[in-house]
Amino acid sequence: MSTNSNIAWANHTWNPWVGCSKVDAGCRNCYMFRDMARWGQDPTTVRRTSTQTFNGPLHISKPALIFTCSWSDFFHEAA
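Remember, it's a predicted structure, so these values are computed and weren't measured experimentally.

A.B. asks: Break down unusual backbone geometry for me, citing the residues and quoting the values.
C.D. replies: Peptide bonds are mostly trans, and most non-glycine residues show a negative phi. The residue C69 is not glycine, and still its phi comes out positive at about 60 degrees. Tracing the backbone shows C69 in the segment after β4 (66-68). Take C69: its relative accessible area is 7%, and that puts it in the buried class.

A.B. asks: Describe the packing of aromatic side chains, naming the residues involved and giving the relevant values.
C.D. replies: Under the defined criterion, the tally for this structure stands at four aromatic pairs. An angle of 65 degrees between the planes, with centres 6.4 Å apart, marks the rings of W14 and F54 as edge-to-face. Within this pair, whereas W14 is found in strand β1 (residues 12-14), its partner F54 is found in helix α2 (residues 51-54), the two being separated by 40 residues in sequence. Residue W14 is classed as buried on the basis of its relative accessible area of 17%. F54 sits in the partly exposed class, given a relative accessible area of 26%. Aromatic side chains F74 and F75 sit 5.2 Å apart centroid to centroid with 80 degrees between the ring planes, which places their arrangement in the edge-to-face category. Overall, the relative accessible area of 42% leaves F74 in the partly exposed class.

A.B. asks: Lay out the pattern of salt bridges in plain terms, naming residues and giving numbers.
C.D. replies: Oppositely charged side chains can pair when the atoms bearing their charge come close. All chains considered together, the criterion is met by two salt bridges. Of the charged contacts, one joins R34 and D35 as a salt bridge, the two residues approaching to 3.0 Å between their closest N and O atoms. Note on R34: relative accessible area 47%, which makes it partly exposed. Put simply, D35 and R38 hold a salt bridge, and the shortest N to O gap is 3.8 Å. You can see D35 and its partner R38 sitting in helix α1 (residues 31-38), three residues apart, about one turn around the helix. Where salt bridges share partners, they join R34, D35 and R38 into one cluster.

Definitions and cut-offs
- Residues numbered from 1 in each chain as written.
- Predicted model: local features only at pLDDT ≥ 70, side-chain atom pairs only at ≥ 80, totals over all residues.
- Heavy atoms only, no water.
- Helix = DSSP H or I, 4+ residues; strand = E, 2+ residues; numbered from the N terminus.
- Buried < 20%, exposed > 50% of the residue type's maximum accessible area, 1.4 Å probe, protein only.
- Phe/Tyr/Trp six-rings, centres within 6.5 Å; stacked < 30°, edge-to-face > 60°.
- Salt bridge = Lys/Arg side-chain N within 4 Å of Asp/Glu carboxyl O.

Below is the structure:
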């Protein structure tokens, strides 16, 4: 989990799983597919992240804005 997000409206990012499926035309220019490929990861493989990452929000002691699933779809059936 990122503790210092560069996103203006979020304090943290959290990806309990990563990867997704392109389901319609709205997915054509998805930044997640581009960025995961840039980092050498397969964006079409949906997988759970490490236990440490998965449990990351449990260790935040102050109220925070958390961007959840920036590299996936929270409601993806494979997740």
